[in-house]
Amino acid sequence: MGLAGRTVVVTGAGRGFGRAFAVHAGRMGARLFVSARTPAAARKTAAEVAADSGAQVDAFACDLADPATVRGFAEGVAARTAQVDVLVNNGARYLQGPDLWDADDEAIADTVASGATGTLLTVKHFLPLLRASAGADVVNLVSSAAEARNHRSQAHPAFYAAKAAQAGFADVLSHRLRPEGIRVISLYPPDFTDGDPLHPRWDDASRTTDGPLTARSVLDCVLFAIGQPRDCFIRSFHFEQL
């Protein structure tokens, strides 16, 4: 099943993979709801998607570290549609620095809240709309930082903690939602190149065995998983690292 005619929600759509997924979903005929931490970033992506493909897209501000804005996002979407077919949990704060003292307490709390609590609350408040779909998919952009004994990233320990919590939540959620036919798909990519999905040569980016993982390849994995028959539950994608 493709995305034509399906209702898709993307968090963290102001830049990077979230923006790329929104652009591509619009080209495939999806009805889109996008969020970003600031209203301006969300509206910018929505305008780009609409101009690029003519897709119907609404923009919302949603700070995943703030429960009230997560609830507001879900309520805003529920006022405009009766169901959500695909929820892409892409938004999460990245925090740089290998030492605990590389970030202040507020940045650490915000990182854990956006990546872990934010994902949990987003699924919680969108679950009624997902249950209304004939076949819903929840897609989580986790990180290779959540894999056991992965120490390659120079991310702050708070980012590791947030992604490990997100992975644990996704794992139990997959088991518990399967009887309802809702698939939970998690991706654990290493650092990958974003590129610009609106650039005419974005699809031509080199994707060779000796090159870095690209956002387009990660996107293709998501489209493959959600395009499978409903008896096919692909729980996760793990990537070999250079």
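Below is a short write-up of the structure. (Residues numbered from 1 in each chain as written. Predicted model: local features only at pLDDT ≥ 70, side-chain atom pairs only at ≥ 80, totals over all residues. Heavy atoms only, no water.)

### Looking at the overall build of the chain
So the rule is basically this: Note on conventions: DSSP H or I runs of at least 4 residues are helices, E runs of at least 2 residues are strands, and numbering of each starts at the N terminus. For the radius of gyration, the atoms used are the C-alpha atoms, and the globule rule reads 2.2 Å times the number of residues raised to 0.38. Exposed residues in this analysis have more than 50% of their type's maximum accessible area, buried residues have under 20%, and partly exposed residues fall in between, with area computed by a 1.4 Å probe over protein chains only. Between two residues, a contact is recorded if the distance between any of their heavy atoms is within 4.5 Å. Every accessible area reported is derived by Shrake-Rupley at a probe size of 1.4 Å, with residue values counting cover from the shown protein chains alone. In this tally Asp and Glu are treated as negative and Lys and Arg as positive; neither His nor the chain ends contributes. Working definition for charges: the position is that of NZ of Lys, CZ of Arg, CG of Asp or CD of Glu.
When you go through the chain residue by residue, the secondary structure sums to six helices and seven strands. Overall, the chain shows an N-to-C arrangement of helices and strands of β-α-β-α-β-α-β-α-β-α-β-α-β. Relative to its length of 242 residues, the chain is compact, with a C-alpha radius of gyration of 17 Å against a globular reference of 18 Å. With respect to the three principal axes, the spread of C-alpha positions in the chain is 45 × 40 × 40 Å. Taking all 242 residues of the chain together, the buried fraction comes to 52%. Contacts in the chain between residues far apart in sequence, at least 24 positions, make up 73% of those at least 6 positions apart. Surface accessibility of the chain: about 11100 Å² in total, with carbon and sulfur atoms responsible for 54%. Distance between charge centres in the chain, computed from 24 positive and 26 negative side chains, equals 6 Å.

### Structural notes on the layout of surface pockets
How we decide: The method works on a 1 Å grid over the protein atoms by themselves. A cavity is a set of points holding a 1.4 Å probe that cannot get out, a pocket is an open set with protein on both sides within 12 Å along at least five of seven lines, and residues with an atom within 4 Å of a point line them. Grid points are joined across faces, edges and corners, and a volume is the space filled by probe spheres set on the points. Amino acid classes used here: Ala, Val, Leu, Ile, Met, Phe, Trp, Tyr, Cys and Pro are nonpolar; Asp, Glu, Lys and Arg are charged; the rest, including Gly, are polar.
Here the largest pocket defines a volume of roughly 1300 Å³. For the largest pocket, the lining is made up of 47 residues, of which Phe17, Asn90, Asp191, Phe192 and Asp194 are closest to its centre. Broken down by secondary-structure element, the contributors of at least two residues to the lining of the largest pocket are α1 (16–27), β2 (31–36) and α5 (157–177). Classifying every residue of the lining of the largest pocket gives 19 nonpolar, 18 polar and 10 charged.

### A look at the packing of aromatic side chains
How two aromatic rings sit relative to each other is set out by the distance from centre to centre and by the angle between their planes. Stated precisely, the cut-off is as follows: For this analysis, a ring pair means two rings from Phe, Tyr or Trp (six-membered ring only for Trp) whose centres lie within 6.5 Å, classed as stacked if their planes differ by under 30 degrees, edge-to-face if by over 60, and tilted for the remaining angles. To sit over a ring, a charge needs its Lys NZ or Arg CZ within 6 Å of the ring centre and within 35 degrees of the ring normal.
If you walk through the whole model with that rule in mind, you get six aromatic pairs. Judged by centre distance (6.2 Å) and plane angle (40 degrees), the ring pair of Phe17 and Phe21 falls under tilted. Placement of the pair is Phe17 and Phe21 together in helix α1, with a separation of four residues, close to one helical turn. For Phe17, a relative accessible area of 4% gives the class buried. Plain terms: the ring middles of Tyr94 and Phe159 are 4.9 Å apart, the flat faces sit at 70 degrees to each other, and that makes the pair edge-to-face. With Tyr94 in the loop between β4 (86–89) and α4 (105–131) and Phe159 in helix α5, this pair connects stretches of sequence that are 65 residues apart. The lysine or arginine in question, Arg178, covers the ring of Phe233, its NZ or CZ lying 4.1 Å from the ring centre.

### Looking at the packing of α4 against α5
Any two packed helices are characterised by the angle at which their axes cross and by the distance between the axes. We count it as follows: The angle between two axes is taken between their N-to-C directions and runs from 0 to 180 degrees, where each axis is a line fitted to C-alpha atoms and a helix contributes only its stretch in contact. Under this scheme an angle from 65 to 115 degrees is roughly perpendicular, one under 35 degrees roughly parallel, and one over 145 degrees roughly antiparallel; angles in between are oblique. A clockwise turn of the near helix away from the far one marks a right-handed crossing, whereas an anticlockwise turn of less than a right angle marks a left-handed crossing.
Contact geometry for α4 and α5: axes closest at 7 Å, N-to-C directions at 20 degrees. Classified by the angle between their axes, α4 and α5 sit roughly parallel to one another. In this structure, the crossing between α4 and α5 has a hand that is right-handed. Side by side, α4 and α5 meet where Ile108, Thr111, Val112, Gly115, Ala116, Thr119, Leu120, Val123, Leu127 and Arg131 of the first sit next to Ala158, Phe159, Ala162, Ala165, Gln166, Phe169, Leu173 and Leu177 of the second. Taken together, the residues of the contact of α4 with α5 break down into 13 nonpolar, four polar and one charged.

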